[in-house]
Amino acid sequence: MPVEVVLPEYLRTFADGARRVQLSANVVTVRDALDALAATYPGVVSRVRTEQGEVREHVNIFVQGESIRDGDGLGTRLHPDEELLIVPAVSGG
Amino acid sequence: MLLIGTMKGAFLLHSTSARTKWTLRGPFFPGQAVYAMAYDGRNGRHRLWAATQSMHWGAVLCWSDDFGETWVVPETPTITFPKGSDRSLRQIWQIALGNSDEPDTLYCGVEPAALFKSTDAGNTWSLVKGLADHPHAKLWQPGGGGLGLHTILPDPNDAKRVTIAISTGGVYRTSDGGRTWQARNVGVRAEFLPDKFPEFGQCVHKIVHHPSQPERMYLQNHWGLYRSDDGGDSWHDIANGVPSDFGFPLGIHPRDPNTAYIVPLESDAFRCVPDGKMRVYRTRNGGKQWEALTRGLPQREAYETILRDGLSVDSLDPAGVYFGTRSGKVYGSKNEGTSWALLADTLPPVVCVKAVVPIPAAASRSDVRSGTKHKSGTSSRKAATKRSSTVRRSATRKVAARSGR
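Bear in mind the structure is a predicted one, so any value in this text is a computation, not a measurement.

## Overview of the overall build of chain B
Counting secondary structure elements, chain B contains three helices and 29 strands. Counting over 405 residues, chain B shows a buried share of 51%. A separation of at least 24 residues holds for 51% of the contacts in chain B among residues at least 6 apart in sequence.

Structure representation (structure tokens):
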């Protein structure tokens, strides 16, 4: 099974309302997954990453429940069937 | 109409030219900070601009061609730093219309401090490299609000001449269309630096110039209140009789270059109006004297803060003056500041107030492009939503306006 990306509510606006997006491309890292997602839904990824490609400060990405910030960041490896979860951080005022 | 940006969305306050009764609409972009708004009524447009900033999802410049019934949120942000640069957009601080000779030109000032320019009415934007690559740029330091380019003053008489201000960097001006920029801070002090009068590095909070006499400028500094009569070549202290020369906003009368408005704050530590009295100060003689305007404003226990874009003056006669507070109040005067009324209360913290007098629709109806104008009400919101669901591949999508009231 391909890697699946789970989107928070706000970003679904830019993905035709989809909560889950299956990536058909072979992706090895989180960076690959976001690049593949950007090809279909650029509006999603432009809100997750800055124009320089970094994950925005208040956005968290989890792979199998682990934050990529605790792993290898965008280089964190993905395996078939794994789930990539994009979540807004607990921040605001 | 007042365009009101807050920390949690945008609002519109509507009135007739009598300015006696106001109707609030919004919030638009609820939960997102809107630090800059503008109205572009040139070339047949009726376009509202809103600079949205989500703490999570970044900063995006959005627009409405139907006075807020629907807003266009670009699929991808139209303002971004070039890939490979060491900068990423954090916030859009200012939206300014270009010189009247260039009716499709707009500017945006952003954080980190940089200027973007559009020559196609805002569809595409380019970084102004002459300023971005200025040798001073790496030495500019962020103020409390960040390193923002927050003021843009295109010269109404010369399209190649633009003045900008940065906190903290100071005033810069180009006379060659943005290719080169020169610091214009002579006489402006930097209280927080060992050299009190450096070439650059001042924390300028706001500048205004007069639309028909643009060499007349006023500058509210982080400590210091100044006037220039030579387009910023030199600045002279005009803090004559004000309770504090610290403050943020400035307004200028649409016809009289000697009339300007400020809101002094007690200090950079407290940043509230002095003595708990909400007072706007007005000069009618170019800063030789200032008078407190208090009628209709709370004069006890008012610990208010008005930020750099929180005050605006309309173009009507007599001129209307408006300001918004961090406590979410909007006050307005329809008689040039002589008396005031509370126009809105309990909004989120107000960071931007822009008074605009839209060109009547009937006067330019033939110029309005088809497909951008929608009927008000639920049907238009449904139409907009439906449209957005069918245009995923397009560069933009419309979202329904949300009204909280």
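## So, helix α2 (residues 30–40) of chain A
Residues and elements named next belong to chain A. For α2, every residue scored as buried is listed here: Val30, Ala33, Leu34, Ala36 and Leu37. Angular distribution of buried residues about the axis of α2 spans 160°; they occupy a single face of the element. Among the structural elements, β1 (4–6), β2 (20–22), α3 (42–48), β3 (59–63) and β5 (83–88) are those in contact with the buried residues of α2.

## Side note on the interface of chain A and chain B
Put simply, an interface is often sized by how much accessible area is lost when its parts join up. Counting residues at the interface gives 17 residues for chain A and 13 residues for chain B. Among the elements that make up the side of chain A that touches chain B, the one with the highest residue count is α3 of chain A (four residues). Partitioning the side of chain A that touches chain B into residue classes produces six nonpolar, seven polar and four charged.

## Some thoughts on the sheet that holds strand β11 (residues 126–127) of chain B
Residues and elements named next belong to chain B. The four strands are arranged β8-β9-β10-β11 in an open sheet whose pairing can be described as antiparallel. On the outer flanks of this sheet lie β8 (91–97) and β11, each paired with one strand and no other. By the bridge criterion, two bridges tie strand β10 (residues 114–118) to β11 in an arrangement that is antiparallel. Bridging across to β11, Lys117 finds its partner in Ser126.

## A look at the nonpolar core
In this structure, Ile4, Met37, Ala50, Ile92, Cys108 and Val330 of chain B are the most contacted members of the largest nonpolar core, which totals 106 residues. Among the elements that take part in this core, strand β4 (residues 33–40) of chain B stands out by supplying seven residues, more than any other. Among residues more than four places away in sequence, those in contact with Ile92 of chain B are Tyr35, Ala36, Ala51, Ala59, Leu61, Ile79, Cys108 and Val110 of chain B. Judged by nonpolar contacts, the second largest core, of 23 residues, contains Leu7, Val30, Leu34 and Val59 of chain A.

## Let's talk about the sheet that holds β2 of chain A
Residue and element names in this part refer to chain A. Ordered in space as β2-β1-β5-β3-β4, the five strands form an open sheet in which the pairing is mixed. In this open sheet, the two edge strands, each paired with only one partner strand, are β2 and β4 (66–67). Where β3 lies against β4, two bridges are found, and the strand directions are antiparallel. Bridged to Phe62 within β4 is Ser67.

## Side note on the confidence of the model for chain B
All names here are of chain B. Residues with a pLDDT of 70 or more make up 89% of chain B, whose mean pLDDT is 90. Ignoring residues within four places in sequence, the model shows residues 362–395, a span with pLDDT below 50, making 35 contacts including any to other chains. Across residues 400–405, confidence stays below pLDDT 50; counting only partners more than four residues off in sequence or on other chains, it has 18 contacts.

## Some remarks on the pairing of β5 of chain A
Residue and element names in this part refer to chain A. In β5, alternate side chains face the same way, and those of Leu84, Ile86 and Pro88 are buried while those of Glu83, Leu85 and Val87 on the opposite face are not. Bridge count for β1 against β5 is three bridges, and the pairing is parallel. When the sheet's bridge partners are listed, Val6 is paired in β5 with Leu85.

## So, unusual backbone geometry
Generally, phi is negative for residues other than glycine and the peptide bonds are trans, each holding for most cases. All names here are of chain B. For the bond running from Gly26 to Pro27, omega is 0°, close enough to zero to count as cis. Note the cis peptide between Asp317 and Pro318, where omega equals 0°. Topologically, Pro318 is positioned in the loop between β24 (311–313) and β25 (321–324). The phi torsion at Asn43 lies on the positive side, around 55°, for a residue other than glycine. With respect to the helices and strands, the residue Asn43 is situated in the loop between β4 and β5 (47–54). Given 11 C-beta atoms within 10 Å, Asn43 falls into the exposed group. Unlike most non-glycine residues, Thr346 shows phi in positive territory, near 60°. Looking at the element boundaries, Thr346 is found in the loop between β27 (341–344) and β28 (350–355). Exposure remark for Thr346: the 7 C-beta atoms within 10 Å place this residue in the exposed category.

The rules behind the values
Residues numbered from 1 in each chain as written. Chains lettered and ligands numbered in written order. Predicted model: local features only at pLDDT ≥ 70, side-chain atom pairs only at ≥ 80, totals over all residues. Helix = DSSP H or I, 4+ residues; strand = E, 2+ residues; numbered from the N terminus. Buried ≥ 20, exposed ≤ 12 C-beta atoms within 10 Å, placed from the backbone. Contact = placed C-beta atoms within 7 Å. Arc of directions from axis to C-beta. Nonpolar A, V, L, I, M, F, W, Y, C, P; charged D, E, K, R; others polar. Pairing = 2+ DSSP bridges. Core = buried A, V, L, I, M, F, W, Y, C linked by C-beta atoms within 7 Å. pLDDT = per-residue confidence, 0-100.

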